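Spelled out, the chains give:
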There are 2 protein chains.
Amino acid sequence: MNLALLGCGVVGTEIVRLLRTSADDLAARVGEPLRLVGIAVRRPERVRDAEVDPALLTSDAAALVARDDVDLVIEVVGGIEPARQWLLAALNAGKPVVTANKALLASYGATLHDAAAAAGTDLYYEAAVAGAIPLIRPLRESLAGDRVRRVLGIVNGTTNYVLTRMDETGASFAEALAEAGALGYAEADPSADIDGYDAAAKAAIMAQLAFHTRVTIDDVYREGIGDVTAADIASARELGCVVKALAVAERSTQSEGISVRVHPAMIPRSHPLAGVREAFNAVFVEAEAAGQLMFYGQGAGGAPTASAVLGDVVAVARNRIAGRQGPGESSYAALPVLPMGRTVTRYHVNLDVTDKTGVLAAVAGAFARHDVSIRSVRQEGRGDDASLVLVTHAAPDEALSATVEELRGLAEVRAVSGVLRVEGGES
Amino acid sequence: MNLALLGCGVVGTEIVRLLRTSADDLAARVGEPLRLVGIAVRRPERVRDAEVDPALLTSDAAALVARDDVDLVIEVVGGIEPARQWLLAALNAGKPVVTANKALLASYGATLHDAAAAAGTDLYYEAAVAGAIPLIRPLRESLAGDRVRRVLGIVNGTTNYVLTRMDETGASFAEALAEAGALGYAEADPSADIDGYDAAAKAAIMAQLAFHTRVTIDDVYREGIGDVTAADIASARELGCVVKALAVAERSTQSEGISVRVHPAMIPRSHPLAGVREAFNAVFVEAEAAGQLMFYGQGAGGAPTASAVLGDVVAVARNRIAGRQGPGESSYAALPVLPMGRTVTRYHVNLDVTDKTGVLAAVAGAFARHDVSIRSVRQEGRGDDASLVLVTHAAPDEALSATVEELRGLAEVRAVSGVLRVEGGES
């Protein structure tokens, strides 16, 4: 079984290392040796790791994929192009593909799956979501006899690190982000993490699997964590909650459809996701029969991602030797993805209010006019420091956001000082 | 695709219900309808659930399995015989089997796997360990490219409930067990749970998958939780630990081999398993590349177990339609299972000691004579209440237990009031 590797950064180098150090085990598990016959990188001359045999390097990925002696293609380059063309060429030639490329899958998953199905070959991507945590396989196979209600994921290590530090040390967003950068958890340009693009791609992939429906990153509603303040974190703490950046995919209980979204939210400290600290990832799944499940582990890093890739390589290689395919795409349900406005959520709202009688009546009136029911309200402080802390019952997001808009215009409200969605409770 | 169901208790009834309520989804996922054509129970006249069509019931399981129109056999009877004969008959006839029978797999897994391989058909058993928690598939497939170091599982809900209550309410073992019984978490005869037989079967199955080695329940060292006292729990608390009943399967770092065992142990409260409360199950996996993973959820109950069974049914049915098999047994590594004495563990020891000078020297001498290194020692109380709390470094279990034996004979030691293994830290 001859492998081609596209990309040789941190993950690729770790794959090369594991293919060498675990060669005997892998051969025993597959039934024949796995041989790496080529590695495509943009600049072969810049690959200096002693692990990598320079004779295997090439800058021509397309030619490597097309080589007659290549049986299986591994892609850890990332990004849409040219990865998309290389993988389509591999699949069209009947060569199975193992990829960690979440961006590509979240935008062109359907195209790739169609190509794999047409050629009767495999497309595996366990490493694309939450690194080493087995998640694709459980969603695609273990829960195939069940009905998933909701997936709540902490799928971005950078944002979870930042929010953990803000919660545990009282750091500001900027301080926590600087610390994440110093530790190597944040990129030089952290916007893909902080603004939720990375998590949105993973949310699309999880939603596709959980609900048997094609979902792309363009279907995913997205809010970053850049506006989360130390006051939000403190407010969550007072309510027995913690703020997490969540990827949410859920089946609507109101209408036929699903909601797929990424945003910061309060969750109760008693929720299993609340204990997921620093750069760890976890995905919490609620299914009708299985109940609550959680998958926890390292969501990024060279070795964990390489582990997930090699698990797929073993499965795909076994399939190829046996002349069979693994389970392909399942998109029969084709549920509509609801716009965010029609998604039912709950809000936590902090209001700085004037010290006059009638404030609560005015505020409550705004909620009532949008048909939003208040679950709890608490007044804090007095005089110019007076504030109201409200948590709503579940309501359509458009009604909640319209309520907040109206609150901003009320004479009795000096400022809407915090708005956060609330997840992880009974809905 | 015609299914035969063997057994129709809590899990079986839930399977029948899900096959009806999810019929459309299951048909779409499999590619053709799943039709239940027969249900074997010991006393058909006693099945009264409205969900179960009396026309499907039979008391002759062997005849049902042998019927020409049965394509796939689901077994939720439990126990060794006659389940073993029925499943062997099914496999020998080339009919795939989905089973939740941990006892059978832990004793006759090799026989069943051999029969499945010889007939070119599937044997799936996700429900046999930790109910709905996807665990078999991740161990067998997702981690197939990695090298598992250790599996630590809380795989018995009854014992975890009892120990949780002892920890959180200060209840005695007997009180907590009575409470578990009242809530339906404990059987009328709780010995399979309390004495660790249930967990030992699951440990054997997990060890087999994690280490590609045939392991039976007879290879598993087993201690129950019946001797855990309120004082042990309190002592753990003072050390920042919690007592859990663990199923452990680990690769020896000293010699070629694995250790498979079930016993109560202290783990640090900061360990992800420490937060697994009441009847929940979780399995913590350490692998060389993937790092730390944890799988959490409901480990028992009709609906969660039925979910796991049906996930397997969908996979096996897809395989059968495509004329392929899923991954079979992997036992190439054939590692020896080390006796408990050669397993390296750590001990926590509580000693009631006399109030004389030289006590610590005498105690330390006993440890030194068995080459056991002391990690920490703390004296508590004075006079007749004096006690020593010791935690050792890692050492062979036979050296640790010999040390404890010698301590019992020392004049300076009035009583060895507590001995517990310590897990979940750096070894």
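Residues numbered from 1 in each chain as written. Chains lettered and ligands numbered in written order. Predicted model: local features only at pLDDT ≥ 70, side-chain atom pairs only at ≥ 80, totals over all residues.

1. Focus on the interface of chain B and chain A
It is common to give the size of an interface as the accessible area that goes away when the parts come together.
In step 1: Taken together, the 48 residues of chain B in the interface contact 48 residues of chain A.
In step 2: Elements with a minimum of two residues in the side of chain B that touches chain A: helix 2 (23-30), helix 6 (136-142), strand 12 (291-298) and helix 12 (302-322) of chain B.
In step 3: The sheet contact formed by strand 12 (residues 291-298) of chain A and strand 12 of chain B spans five bridges and is antiparallel. Each residue of the ladder has a partner; that of A:Y296, found in strand 12 of chain B, is B:M294. (Contact = placed C-beta atoms within 7 Å. Helix = DSSP H or I, 4+ residues; strand = E, 2+ residues; numbered from the N terminus. Pairing = 2+ DSSP bridges.)

2. Side note on the environment of A:W86
All names here are of chain A.
In step 1: Here W86 shows up in helix 4 (residues 83-92).
In step 2: Once the C-alpha coordinates of W86 and A66 are considered, the two residues, 20 residues apart in sequence, prove to be 9.0 Å apart.
In step 3: Apart from residues lying up to four places away in sequence, W86 is in contact with L6, A61, A62, V65 and E75.

3. Focus on the relation of the copies chain B and chain A
In step 1: Superposition of chain B onto chain A requires a rotation of 180° combined with a translation of 0.0 Å along the rotation axis, giving an RMSD of 0.0 Å. These values place the two chain copies in the arrangement generated by a two-fold rotation axis. Every residue of chain B has its C-alpha some distance from the rotation axis, and the shortest such distance is that of B:F295, at 2.4 Å.
In step 2: Take the interface residues of chain B: 100% of them recur as interface residues in chain A, which is what a same-surface contact looks like. (Least-squares fit on C-alpha atoms with pLDDT ≥ 70 in both.)

4. Here's the deal with the pairing of strand 1 (residues 2-6) of chain A
Note on strand geometry: in a regular strand, side chains alternate between the two faces of the sheet.
All names here are of chain A.
In step 1: With four of five residues buried, strand 1 is to be regarded as a mostly interior element.
In step 2: As judged from the five bridges shared by strand 1 and strand 2 (residues 35-40), these two strands associate in the parallel manner. The residue of strand 2 that forms the bridge with L3 is L36.
In step 3: As paired strands, strand 1 and strand 4 (residues 72-75) are joined by four bridges and run parallel to one another. Of the residues in strand 4, the one forming a bridge with L3 is L72. (Buried ≥ 20, exposed ≤ 12 C-beta atoms within 10 Å, placed from the backbone.)

5. Observations regarding the sheet that holds strand 1 of chain A
All names here are of chain A.
In step 1: Taking strand neighbours across the sheet as the criterion, the six strands line up as 3-2-1-4-5-6 in an open arrangement whose pairing is parallel. On the outer flanks of this sheet lie strand 3 (57-58) and strand 6 (123-124), each paired with one strand and no other.
In step 2: Most of the contacts of helix 12 (residues 302-322) go to strand 4, to which it runs at about 165°, and overall it touches strand 4, strand 5 (97-99) and strand 6. (Axes fitted to C-alpha atoms, helices over the stretch in contact; angles between N-to-C directions.)

6. Quick word on the environment of A:G31
All names here are of chain A.
In step 1: With respect to the secondary-structure elements, G31 resides in the loop between helix 2 (23-30) and strand 2.
In step 2: Assessed through the 13 C-beta atoms surrounding it within 10 Å, G31 is described here as partly exposed.
In step 3: If near-sequence neighbours (up to four positions away) are discounted, G31 is found in contact with R318 and I321.

7. With respect to the domain arrangement of chain A
Residue and element names in this part refer to chain A.
In step 1: Parsing chain A into structural domains produces domain 1 (2-131 + 302-322), domain 2 (136-298) and domain 3 (343-422).
In step 2: Averaged C-alpha coordinates put domain 1 and domain 2 at centres separated by 28 Å.
In step 3: The interface of domain 1 with domain 2 comprises 14 residues on the first partner and 15 residues on the second.
In step 4: The leading source of residues in the side of domain 1 that touches domain 2 is helix 5 (residues 102-119), at seven residues. (Domains from an automatic or database assignment.)

8. Notes on unusual backbone geometry
In step 1: A cis amide bond links A:E81 with the next residue in sequence, A:P82, at an omega value of 5°.
In step 2: Looking at the secondary structure, you find A:P82 in the loop between strand 4 and helix 4.
In step 3: Even without a glycine there, the phi angle at A:H212 is positive, about 50°.
In step 4: Counting through the fold element by element, A:H212 comes out in the loop between helix 10 (197-211) and strand 8 (221-222).
In step 5: Its 20 C-beta neighbours within 10 Å are what place A:H212 among the buried residues.
In step 6: In this structure, B:D371 is a non-glycine residue whose phi angle is positive, near 65°.
In step 7: One can find B:D371 in the loop between helix 13 (359-369) and strand 14 (374-380).

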